[in-house]
Each structure stands twice: as C-alpha cells, then as structure tokens.
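A look at the structure
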Amino acid sequence: MRILCLRLSHFIILTLIVSDGLCQGPTSHWYFGDSAGIKFENYTPSFLLNSNLGVADEGSAVLSNRNGDLLNYARPSFILNQLHDTIENGSNLEGNNSSTQGAIFIPNPIDTSIVYFISHQYELGQDTGHHFSIVRKTNTFPLGIILPTEKNVPLVNGTTEKTTAVHHNNGSDIWVITRKVNTDSMLAILITHEGVQGEPIVSIVPNDGNLAISGQLKSSPNGKFLAECIFRAPDVYPIQARVYKFNNVTGEVTESISISYENTLNTARPYGCEFSANSKFLYFANTFTPTIGPSIFQYSIENYDSSSINSSRFDLFTNQNFALQIGVDKKIYGAKLQNQYLSCISNPQTTGATLLYSDSAVYLGGRTSRLGLPDFIQSYFHPAYFDYESKCNLPVKFTSYPVGQDSVHWDFGESSSASNASTLINPAHDYQNEGFYTVEFIVYADSSSDTFSRDIYVKKSLGLTGSSFSADICDTAHVINANHNLTLMKYNWSTGAAADSISVTQSGTYFCSMTAFCDSLIDTFQVSFIVNPEIDLGNDTVLCEGDTLTFMAENLPQTNYQWSTGENSTAVNIDASIFSNLKPIDLWLTSTNACGNSSDTIRIDFLPQPDVSWFSDSILCNQSEAIVNTPSIDSVTFFMTYTSDDIAYDTLTPPWVIDTFGLYYAHAFNKCDTVVKRAFLSPFNVIDVSLGADTVLCPGDSIVLNAFWPASSYAWSNGSLDSVLVVSYDDLQSNGSETYTVTITNGACDFIAARKLSVDDLICDTANCKFSIPNVFSPNADGINDVLKISNTCSSLPYAATIYNRWGQLIFADERGQGNLPLSWDGYINGIAASQGTYFIIIQYDEGKVQKGSFSLVR
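Because the structure is predicted, anything quoted here is derived from the model rather than measured. The residue numbers shown here count from 1 along each chain, following its written sequence. The model is predicted, so local features are restricted to residues of pLDDT at least 70 and side-chain atom pairs to those at 80 or more, both for listing and for counting; the totals for chains, interfaces and linings are taken over all residues. With hydrogens and water stripped out, all remaining heavy atoms of the structure feed into the side-chain values.

Linking two cysteines covalently through their sulfur atoms gives a disulfide. By disulfide we mean two sulfur atoms from cysteines, separated by a distance within 2.5 Å. For the coordinates displayed, the defined rule picks out three disulfides. One disulfide in the model links Cys544 with Cys672; its S-S distance is 1.9 Å. Disulfide Cys544 to Cys672: torsion about the S-S bond roughly -95°, handedness left-handed. With Cys544 in strand E43 (residues 541-544) and Cys672 in the loop between strand E54 (662-669) and strand E55 (674-683), this pair connects stretches of sequence that are 128 residues apart. Residue exposure (1.4 Å probe, protein chains only): buried if accessible area is under 20% of the type maximum, exposed if over 50%, otherwise partly exposed. Exposure remark for Cys544: the relative accessible area of 8% places this residue in the buried category. Residue classification places Cys672 among the buried residues on the basis of a relative accessible area of 19%. Secondary structure is summarised from DSSP: a helix means a run of H or I of at least four residues, a strand means a run of E of at least two, and numbering begins at the N terminus for each.

Counting buried positions along strand E51 (residues 637-643) yields five of seven residues, so the element is predominantly enclosed. Note: two strands are recorded as paired if DSSP finds a minimum of 2 bridges between them. Here E51 pairs with E54 via seven bridges, running antiparallel. Each residue of the ladder has a partner; that of Thr641, found in E54, is Tyr665. Relative to strand E52 (residues 650-651), E51 is paired through two bridges, and the arrangement is antiparallel. Considered in E52, the bridge of Thr641 is made with Thr651.

A few words now on the side chain of Ser778. Assignment of secondary structure puts Ser778 in the loop between strand E63 (776-777) and strand E64 (788-792). Two residues qualify as a contact provided that any one of their heavy atoms is within 4.5 Å of a heavy atom in the partner residue. Ignoring anything within four residues of it in the chain, the contact list for Ser778 reads Ile784, Asn785, Asp786 and Val858.

For the rest of this paragraph, the subject is empty space enclosed by the protein. A pocket here means an open set of points on a 1 Å grid, computed over the protein atoms alone, that has protein on both sides within 12 Å along at least five of seven lines. A cavity is instead a set of points where a 1.4 Å probe fits but cannot get out; residues with an atom within 4 Å of a point line either one. Grid points are joined across faces, edges and corners, and a volume is the space filled by probe spheres set on the points. Scanning the entire structure with this criterion turns up two cavities of 30 Å³ or more. A volume near 40 Å³ is recorded for the largest cavity. Lining the largest cavity are Thr160, Arg179, Lys180, Val181, Asn182, Thr183, Asn207, Asp208, Gly209, Ala212, Ile213 and Glu228. Here the nonpolar group is Ala, Val, Leu, Ile, Met, Phe, Trp, Tyr, Cys and Pro; Asp, Glu, Lys and Arg are the charged ones; every other residue, Gly included, is treated as polar. Considered class by class, the residues forming the lining of the largest cavity number three nonpolar, five polar and four charged. When its volume is computed, the second largest cavity comes out at roughly 30 Å³. Looking at the second largest cavity, the residues that line it are Asp688, Val689, Asn706, Ala707, Phe708, Trp709, Val776, Ser856 and Val858. Looking at the lining of the second largest cavity residue by residue, the class counts come to six nonpolar, two polar and one charged.

Remember, this is a structural readout, not a statement about activity or role.
This is the structure we're talking about:
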C-alpha cells in the first residue's frame, strides 16, 4: 500500500487523478548546484535543464504553488521568477553563495501575493547575519517585485549559516530558526500573516565554538525536534552533532543531546542532516572521503534520551554525501560534490539493514550537484501536511501530499455545517462565513495515523456598505472606528494610519480606504470638534475718557454669542458713548453651542482724563497772596510744586497759597494718565486808593480827588492823566452831579476808583458849616501830610469823629471836635502803625446830622 500508484490498476489510477488529483505541492521543484534541477511529478523526480541559477555552491531556495507550478527560486543573493528571469529589484540581496543554508522562502500564511525571502550573509571576520526581503506580486509586477523599503531588512545579526523553518503548532504561522555564532543562543523568529513578529525567541544551548558555523540545521516535519551538524574535524572537537527538542508553540529549544563519533576512526564530519517524514528517525551525512567507515548515520529518536539515541546508531557505508533533503515522496536525497546524480534513501522510516540506499538515484541530465540542496519549510514533509486555496465566495480547495496512505479524514472546523467532514484526499468545502477556521487532516497508514492541524482563513465577500458619518464632537479627541468586522481587513487612512480606528483631535474630513481579499470601500468621516465655551472677560476694569476697550471671546465654530450691548459677534468695542452720566456699567457676554453655554460679567468704571489746562502764567493783581483751591474731580489727584529764588523745589500743602513769585507746577493723575503743567505766578501788592465818599458841594466849595499810588499812571474819566483832580462847585453846575473815575495802572495790574460829587442848594442853605476831610495822608514822618486833620468852617460847631478800617473795625474815635479846631489822627493804632489802605470816617454833629467820607493811608 505504500506504493499505491504501482499496485492499483490503471483504471483506479485514472479515477484517483480525476477525483482527487496528485499534486506535488510547494516542494515539487528543486534548483541547486551547477544549474542543476529536478521536478517531482507523481512523486517521481526527473531532471530539469532550465535553471538560471548559475553555480550555487551551497544553499538555495525554491517555492512552488500547491499544484506544483514553479513560482520562484533563488541563490542567497538574487531571486528568479517562473520564467527564469530575475524579479524586479531582486538582485544584490544580502546573501552569501557559500552559506550552508543561505536562502529560504516563507510564503505569507494567508496572502498568496506575499512571500518573505530569508537570506544569510556571512564571511569570516564579518558579522552581517540574516536579512529578509518581501516579494510582492502585483497587477503591475505579476511575477514579483521587491520594494526598496522592503529589501535587505535586517533580521538578526551575528548568526551562523544554519537556517531551518517549520510551522507553528497552529499550522499557519512559521518559525524561522538559526543560532548565533560562538554563543549559547538559539533563535526562533515567528512569521505570521502580519509579517515578521518582533524580537526572536532566545533559547540557551551549548556553545560549540566559533568554527561551528557551517553544516545543516533541520527541524523535524512534526516541529518537535531540531538536529544540528557541527561541521568540525573530529580530532579538533569530539562532538559532531546535536539534537534538541523544539516547542513549536513557544519557539523554545530545550534538552540538547550531543552525538559523537569516537568509534569512526576520526573520519566523521557531518555536514548534512535530515529527519524522516514521520519524525522518528534522524540522518547525518559524513563529508570525509572515507577509506573505511560509514558515510551516513541513522539514529532513532523515539526514545528521547542520550543513551538511547546514541546507541541506536546505524551506519550506511556509502560514497560521500553533503546536504540531505527530504522530498515530497518522503524519501531523503543527498548531494555529492560535482556529481551528476543525487543519492537517495528510499525508505527512511525503516530501521537498520532494511534501509534502501542508492548512490545514483536521480540523474541530473549532465548537470552536477555541489554541497547544498534547496531548503524548504520542513512541515511540508509532514505525512499529513496539506495546503489550501481560498478564493472569494468559492469553496475552499484542500490539497494534501500523503504517501502510502490507507485512508484519510478531514474535519473542516465548521461544526455547524452538515458537510464538515470528508475522506477525499483533495476535497473542497464551502464555508458559510468569512474568517479563521481550524482544519484537521488525519492520514491513516499501516495501523498508525498522522495528524496535521492548520488555521486557515476563508475569504468571503460580505457586501459591505460604507459607514461614513458627520459628527459634532464635544470633546478634545474622538476615535473614528472604521471596523467592518472583517478579520483581515486592511485600513489606509488619510492620516497615514493603518489601524481599524484612529484618534483625531482636529476638525476635518478623514478618509479610510479599506480592502479585504473580497471587499473594498472608502468611508468618509466629517468630524467637527465643538469646544464647550468658557467665557472669561477678565477682572473689573476702567475706561478712560477718550479711550476704547475691546473685549474678545474665543472664536469657536458653531457657537452663538450675545453681548449686553446687543452685539452678537465674538468681539465688542466699548467707548465713553455708552456711559450714562459717566456711571459704571456691567458688561456681560453669553456664548452657547451644542456642547453647553458660558457667561461672564465685568464692571467697567468711567474715569476722566486728568486736566491742568486751566493752569497758566499769571500775575495776581490786587493780591499780596492768593489761594488756589484744589480742583475736585472724582478719581483725579492734584498736587502743586514750585521753585523760586530761595527754594529749588517744594510741594505746597493744600490749600495752595501763592505768596511769592516763581515757577509753579500743577500735577494731576489717576489710572488713566499723569499730566503736569508749569506756570509763572507773581503775587502783586494791592492798589489801595480811595477817592473818598460821595460829597455835596456848596457854592464856593471845591474838592481835591487824590488818586496817587506809587509808580503808577492815571486815566481820569474827564481825560486828565494827573494823579490829582480838583473839582469845584462851579464844575458841577451844568449837570448837578458827576461821578469821577480814575484807572490806576501799576505794571500789569489796573485799579479803578470813583467818587460822586453833586450840588444841593437845600443842604447848603441849612448847613453853612462845612467839614474838611483829606482824601489821603501819608504818616511816614517826611513832614508832608503826616497827620490826618479834620476841621469845620464853623468855629462854634461841636462834632465827633470815628474812623473804621475796611473790615468795619473801629480804630479811632474823638468827640472833642470843636468848630475849626481840627481833630487829628497820626496813623497809629494802639502804638502800631496802621497798614496802607482805605479807611472810612463818620462825623456826627448838630443833633443827629451825619457826614461820611473815606480816605487813603499811604506810607
């Protein structure tokens, strides 16, 4: 039953091909050596002569699709397509042709248009390690292109030439495994449908030294073990190989067991290693050209302990082999240096003497092999490994590669489906929904079974409709979610983001282009951020006369504003025109939008501008001192300073008394301004002249009007310019009376004095007695008019005289007047000289008659 195609009838063979088909899968093409190549058809290899690989001394890589059609093949430094041409931007890769396992293809587990190419670059003394490049198949480049940003991306540094790969326990993701040079670190890097994942998983293993950089590293097809060749001369290092346990869930490497060849006469130096398809047997290829001794060693790892494994060794005495590689037919092939044949172990799942080995199993058509063979993902050789093809809205096609099976069983992972199981080798299943499913495939053969589970992704069109919206947001940030619940939807936002949602903080229009395997659409999101209004007009303030205050609120979109002045804009100007009687006002603003409202009120006081325009140069006439009252204006403070010949600078105390000439400064200030004005002020002595009381003249009378004031000029109403004017009774006859005025000018000051003179015959007839009262006297001891003398023409008339100052105070009285004997006053009051000025006199006589007059005292 192991060679089903040979023992069944031709009819049955044809029936199997029609119903299930025999696909050779991703390992159907091999390219290696000196442009050598083979292709597996119906599990039988035959040579190919179409290789453009050139000379591949050691590692190479090949990838075919599930149907066995060639996709790509490569040396570590370049990649070729199915037409045997270099793919776009597929040269100058970071890879070394002399690296044991310098190249391997890792297809994206879901997206068949993406392949990861792992290459290794190592030269003694250099430390460049592993890199990866992404091969994409696009409408423009259907045979593949490497974008500049996805070329030679560093993967891990300082690694050996050893590279192997195996599926994760989920059957979908892939572990890429290598080890560091001259360290105790084994590295496992996970690749998923999302790409290369983060930092590698690091496991601690024995350090076999700096020279153990060559030789193959292989995973078992079931992903549970690793084998490593330590390509060093046995006389230098006794350990020639190691086997490990591998956890294909966590990527951890544990339980190292060393393998040595002390009994091979120091002729063992393994370069190649390989597991049987059932992962129970392990093979190492000796590269020494043996004169005696084996070339291939077999070990059983069913019992995983050092004693059992080392004691299980079986030696095959063959010609020299280098790299070993299992094929889709589950046979193990060996490369021999510059040989036109590949060797083969036909039944590697058996033990000991039953092993069938051929040194010339596959003819290479005249081409030759070298040290290496192409590397593949080792899970491809699991007895129950399968591939699948999912196209939009079509049943998923499954392809398996069993050899010698008795029967198979499929569980498609859709328990709700009535057709969730199948016993066909290559079935199809129509899933109801898009998403991930776990498919289990069991191969039964020879009373045993092998199971392979794999997470697959089913591509379905969901008939998506857009979720565009326009929203007003009352927050500082908002998350726009474009998720349409498609598992592998790809998102491309106008912001450059690639997640299913973005957080935005700015108003605007955002676009999201979404693509899945079967759906694509563009959603548009219009977002308007509306800030909750917060009004703050500030503290209470003042408005100065003539000024304008501008108050502004933050200009928020979709927000209404209302001022107490009636405006509804974001700003308002306030000037004195809104004040009534200059009283304070309350200014308020309310703003409202969809997120809330806010108000604020402030008080504005009106202040006048300080003013000292009233202050100017002045001579203070008729004043020996002056009082300037401080103006009373609300909010304005006044003060005055001055300078004079004696005082350089001083401040006057209110009320301001001006009693000396000088420069005076009036200061005024408030919150609005400070102003200062300078003026020259000069107090001037009072011109104190009196022409006397109004008088009646009788026939023959005359009177002297004396207006004298020192250093003065005079202008009388009758045109006279003298200081003295004599008026007689006759001068008044025509008019009967006349008021005589004189303007006395002294410097910048003028003074006007007046006296009315009249005639009245009645008075003159009844009183012939006349009093003589001088209108001025000067008690200054100069012998001229030093005494005021009062007399009457009637010698027998008694009278009394009283004298008052201008404030009405009595300063002199004498009742002894008699006729023409004069009464006299010397100008002193209680021994103190009376001040200059006008004085008033009252004379009483003849039983109640009174005569009044005035005079001036001049010193």
